[in-house]
Amino acid sequence: MVIENIPHKAGPQWKFAGAFYFATVVMAMIGYGHSTPSTVAGKAFCMLYAISGIPLGMVMFQSIGERLNKGASIIISKGKKVFQCQKTEATEVNLMMLHGMLSTIIMTLGAYVFSQYEGWSYFDAIYYCFITLTTIGFGDYVALQNDHALQRKPGYIILSVVFILFGLAVFASSINILVLRFMAMQTEEMQREDTELGPVSQHVVTVDNEAMSPTERLLQSDMTITRVSSDTVSVCSCTCYPRYTDINSLYKKKSRSSRIYKEGKSGTEEELYSADEVPAIIEKRASV
C-alpha cells in the first residue's frame, strides 16, 4: 500500500499567505471550513485567537461603519446644499439608500472579479459574495483555492482580504442604520401616543367621584359618604389597602383637616390617610 502525499490544490495552506487568509476568515466569523487546524496546539491557539480576535474584529467593523456613516452624512448634506434642498441634514432614509447602493456596488464588482479569477459563473460569484458578507460561510465556494493562488497571486490575496473587511464594514454600518431607524420609529410611536392621550388625562375622575389634576392634586374638597356593600367588596389580595372584615364600615373625609377617617362600630374615628396620599394609593391599586 502506497500513500501519496498530494498537496492542496491552492498550495500549502499554512504558509504566511494561507495562514493570514485563515486568520481573516476566523476573525470575520465566516468559517468556510476549507482549512482547519489539525494539531492540539493549533486547535488551542485557534480557540484563544477567536476569543480575543472576534470581539476586536466586531469593534473594528463597528468603528469603520460609524466613520462611513459620518462621511456619508457629510456627503449627503453637501449634495443637498448643491441641489438647494430645503432640509440639508442627512436622514436615516438617506443613509440607508446610500449604503444600499454601496453594498450593491461592492457585491457586483466583487462578483465580477471573482468570476474572472475563479472561473465561476456570474451568478455563482454573486452567491459567494452574499454568503461571505452575511458571514454564513457555507464553504461550497471559497476563493483562493485554485491554481496555487496563495503562492502565485499576492495581489488577488490582498483584494480578497480587502473585499471581506470593507464589505463586512459596509454591511455592519447598514445594519446599524436599520437598527437606529427601528428605534426611532418606536420612539416616535410612543411620543405620538403620549400626545394623543395628553388632553384626555388632564382631569381624571376617581372611583370616589374626586377629580384629580395631572399633578395628582385633589380638586374637590368634599367626598360623598358611601357605605360599602357586599357586592362591591374588592377581591384584591394585595396589601396596598388595609383589609377590613366589617363591610358596614364607613369611610368619610373630614373637610376641616383634609384627612380621611374610618368610623367603626363604636363611633370612634381612626385616621387612615391624608388627602395628599390618596392619588398615589388609588394609582397603586389600579395597577394591580
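To keep things clear, this report deals only with the structure shown in the data block. The structure displayed is predicted, hence computed values, not measured ones.

### A word on the pattern of salt bridges
Here's step 1: Taken as a whole, this structure holds 1 salt bridge when the rule is applied.
Here's step 2: A salt bridge links Glu 189 to Arg 192, with the shortest nitrogen-to-oxygen separation between them at 2.1 Å. Here the residue Glu 189 and the residue Arg 192 both occupy positions in helix α6 (residues 154-197), the gap between them amounting to 3 residues, near one helical turn.
Here's step 3: Assessed through its relative accessible area of 42%, Arg 192 is described here as partly exposed.

### With respect to the packing of aromatic side chains
Aromatic ring pairs are reported here in terms of the distance separating the ring centres and the angle at which the planes meet.
Here's step 1: A full pass over the atoms with the stated rule returns 11 aromatic pairs.
Here's step 2: Considering the side-chain rings of Trp 120 and Tyr 141, the 5.3 Å spacing of their centres and the 80° angle between planes classify their relative orientation as edge-to-face. Of this pair, Trp 120 sits in the loop between α3 (92-118) and α4 (122-133) while Tyr 141 sits in the loop between α4 and α5 (149-152), and the two are 21 residues apart along the sequence.
Here's step 3: Between Tyr 127 and Tyr 141, the aromatic rings sit 5.9 Å apart at their centres with planes inclined by 80°, giving edge-to-face as the arrangement. Of this pair, Tyr 127 sits in helix α4 while Tyr 141 sits in the loop between α4 and α5; the two residues are 14 residues apart in sequence, bridging distant segments of the chain.
Here's step 4: Residue classification places Tyr 141 among the partly exposed residues on the basis of a relative accessible area of 25%.

### With respect to helix α2 (residues 40-82)
Here's step 1: Helix length check: α2, at 43 residues, gives a terminal C-alpha distance of 61 Å against a target of 63 Å (1.5 Å per residue), a fit within 8%.
Here's step 2: Roughly 30° is the biggest bend found in α2, and it falls at Ala 50.

### Side note on a nonpolar patch on the surface
Here's step 1: Together, Ile 175, Val 179, Leu 180 and Met 183 make up a nonpolar patch on the protein surface, roughly 360 Å² of accessible area in all.
Here's step 2: Looking at the secondary structure, you find Met 183 in helix α6.

### What about the side chain of Ser 103?
Here's step 1: Secondary-structure assignment places Ser 103 in helix α3.
Here's step 2: Judged by relative accessible area, which is 11%, Ser 103 ranks as buried.
Here's step 3: The residues touching Ser 103, leaving out its near neighbours within four places in the chain, are Val 170, Phe 171 and Ser 174.

### Notes on the packing of helix α1 (residues 16-27) against α2
Here's step 1: One can describe the packing of α1 onto α2 by two numbers: an axis separation of 8 Å at closest approach and a directional angle of 65°. In this view, α1 runs roughly perpendicular relative to α2, as classed from their interaxial angle. The segment α1 lies against α2, with Phe 22, Ala 23, Val 26 and Met 27 engaging Cys 46, Tyr 49, Ala 50, Gly 53, Ile 54, Gly 57 and Met 60.
Here's step 2: Of the residues in the contact of α1 with α2, the class split is 9 nonpolar, 2 polar and no charged.

### Side note on the packing of α3 against α4
Here's step 1: Between α3 and α4, the shortest axis-to-axis distance is 8 Å and the interhelical angle comes to 125°. Of the possible angle classes, the one that applies to α3 and α4 is oblique. Handedness of the crossing formed by α3 with α4: right-handed. Between α3 and α4, the residues in contact are Ile 106, Met 107, Thr 108, Gly 110, Ala 111, Tyr 112, Phe 114 and Ser 115 and Tyr 122, Ala 125, Ile 126, Tyr 128, Cys 129, Phe 130 and Leu 133, respectively.
Here's step 2: For the contact of α3 with α4, the per-class residue count stands at 12 nonpolar, 3 polar and no charged.

About the criteria used
- Residues numbered from 1 in each chain as written.
- Predicted model: local features only at pLDDT ≥ 70, side-chain atom pairs only at ≥ 80, totals over all residues.
- Heavy atoms only, no water.
- Salt bridge = Lys/Arg side-chain N within 4 Å of Asp/Glu carboxyl O.
- Helix = DSSP H or I, 4+ residues; strand = E, 2+ residues; numbered from the N terminus.
- Buried < 20%, exposed > 50% of the residue type's maximum accessible area, 1.4 Å probe, protein only.
- Phe/Tyr/Trp six-rings, centres within 6.5 Å; stacked < 30°, edge-to-face > 60°.
- Expected span 1.5 Å × (residues − 1).
- Bend = angle between axes of the 7 residues up to and from the residue.
- Patch = residues over 30% accessible without salt bridge, like charges linked within 9 Å, V, L, I, M, F, W, Y side chains within 5 Å.
- Areas by Shrake-Rupley, 256 points an atom, 1.4 Å probe, with all protein chains shown as cover.
- Contact = heavy atoms within 4.5 Å.
- Axes fitted to C-alpha atoms, helices over the stretch in contact; angles between N-to-C directions.
- Parallel < 35°, antiparallel > 145°, perpendicular 65-115°, else oblique.
- Nonpolar A, V, L, I, M, F, W, Y, C, P; charged D, E, K, R; others polar.
- Left-handed = near helix turned anticlockwise from the far one by under 90°.

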